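The residues making up each chain are set out below.
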Amino acid sequence: MLVALATATAPAAVAGELAAKFKVGDTAPDFTLESIEGRQVRLSDITRNKVVLLAFWSLRCEACLLEVPFIEQIHQDYVGRGVAVISVGTDGLDKATTKIM
């Protein structure tokens, strides 16, 4: 399952505070966002009994854009095998622009 979500951009200070709260191996807090198709998507509804790749990216982040094809390849390689790939665009872009990614 590949889910693409779009969010509003968080200020850098908030992003830094959040990064300090979490470490590798922590469970992601549950959240609900709108998919690029316009439906409400809740993280916990997708991740039950699955390994999850949760990727946050921005169009302003060159490294993020370079990793998009690899994230898509992981999705293609593991679709239907208990892996959920969730891609969250943090630019607050309109759905038409985000769908290109």
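None of the values given here were measured: they were computed from a predicted structure.

## Description of the overall build of the protein
Part 1 of the argument: When its secondary structure is counted, the protein shows four helices and five strands.
Part 2 of the argument: What you see in the protein, going N to C, is helices and strands ordered as β-α-β-β-α-β-α-β-α.
Part 3 of the argument: Across the 101 residues that make up the protein, the buried fraction comes to 25%.
Part 4 of the argument: By sequence separation, contacts in the protein at least 24 residues apart represent 75% of the contacts at least 6 residues apart.

## Topic: the state of the cysteines
Part 1 of the argument: Counting across every chain of the model gives one disulfide.
Part 2 of the argument: Across a sulfur-sulfur distance of 2.4 Å, Cys61 and Cys64 are joined as a disulfide pair. What sets the handedness of the Cys61 and Cys64 disulfide is the S-S torsion sign, and at about 80° it is right-handed.

## Details of the pairing of strand S5 (residues 83–89)
Two faces make up the sheet, and in a regular strand the side chains alternate between them.
Part 1 of the argument: Burial of S5 is extensive: seven of the seven residues sit out of reach of the surface.
Part 2 of the argument: The alternating pattern of S5 places Val83, Val85, Ser87 and Gly89 on one face and Ala84, Ile86 and Val88 on the opposite face, and all of these are buried.
Part 3 of the argument: Pairing of strand S4 (residues 51–57) with S5 involves seven bridges; the strand directions are parallel. Looking at the pairing, Phe56 lines up with Val88 of S5.

## Side note on the nonpolar core
Part 1 of the argument: Within the largest apolar cluster, seven residues are counted, these being Leu33, Val41, Leu43, Ile46, Ala84, Ile86 and Val88.
Part 2 of the argument: Of all the elements in the fold, those that place two or more residues in this core are helix H2 (43–47) and S5.
Part 3 of the argument: A per-element tally of this core places S5 first, with three residues.

## Examining the pattern of salt bridges
Part 1 of the argument: Applying the stated criterion to the full structure yields two salt bridges.
Part 2 of the argument: With its nearest N and O atoms 2.5 Å apart, the salt bridge here joins Arg42 to Asp30. With Arg42 in strand S3 (residues 40–42) and Asp30 in the loop between helix H1 (12–21) and strand S2 (32–34), this pair connects stretches of sequence that are 12 residues apart.
Part 3 of the argument: Overall, the relative accessible area of 42% leaves Arg42 in the partly exposed class.
Part 4 of the argument: Judged by its relative accessible area of 36%, Asp30 falls in the partly exposed class.

## Focus on the environment of Val85
Part 1 of the argument: Relative to the helices and strands, Val85 resides in strand S5.
Part 2 of the argument: Using a relative accessible area of 1% as the deciding quantity, one classes Val85 as buried.
Part 3 of the argument: Val85 sits 35 residues away from Lys50 along the chain, and the two C-alpha atoms are 9.8 Å apart.

## Things to note about the confidence of the model for the protein
Part 1 of the argument: Averaged over every residue, the pLDDT of the protein is 74; the share at 70 or more is 71%.
Part 2 of the argument: The element-level mean pLDDT for the protein is lowest in helix H4 (residues 95–100), coming to 47, with helix H3 (residues 62–78) highest at 89.
Part 3 of the argument: Across residues 97–101 the pLDDT falls below 50, and counting only partners more than four positions away or on other chains, this stretch makes 10 contacts in the model.

Reading the values: the criteria
Residues numbered from 1 in each chain as written. Predicted model: local features only at pLDDT ≥ 70, side-chain atom pairs only at ≥ 80, totals over all residues. Heavy atoms only, no water. Helix = DSSP H or I, 4+ residues; strand = E, 2+ residues; numbered from the N terminus. Buried < 20%, exposed > 50% of the residue type's maximum accessible area, 1.4 Å probe, protein only. Contact = heavy atoms within 4.5 Å. Disulfide = S-S within 2.5 Å. Pairing = 2+ DSSP bridges. Core = buried A, V, L, I, M, F, W, Y, C linked by side-chain atoms within 4.5 Å. Salt bridge = Lys/Arg side-chain N within 4 Å of Asp/Glu carboxyl O. pLDDT = per-residue confidence, 0-100.

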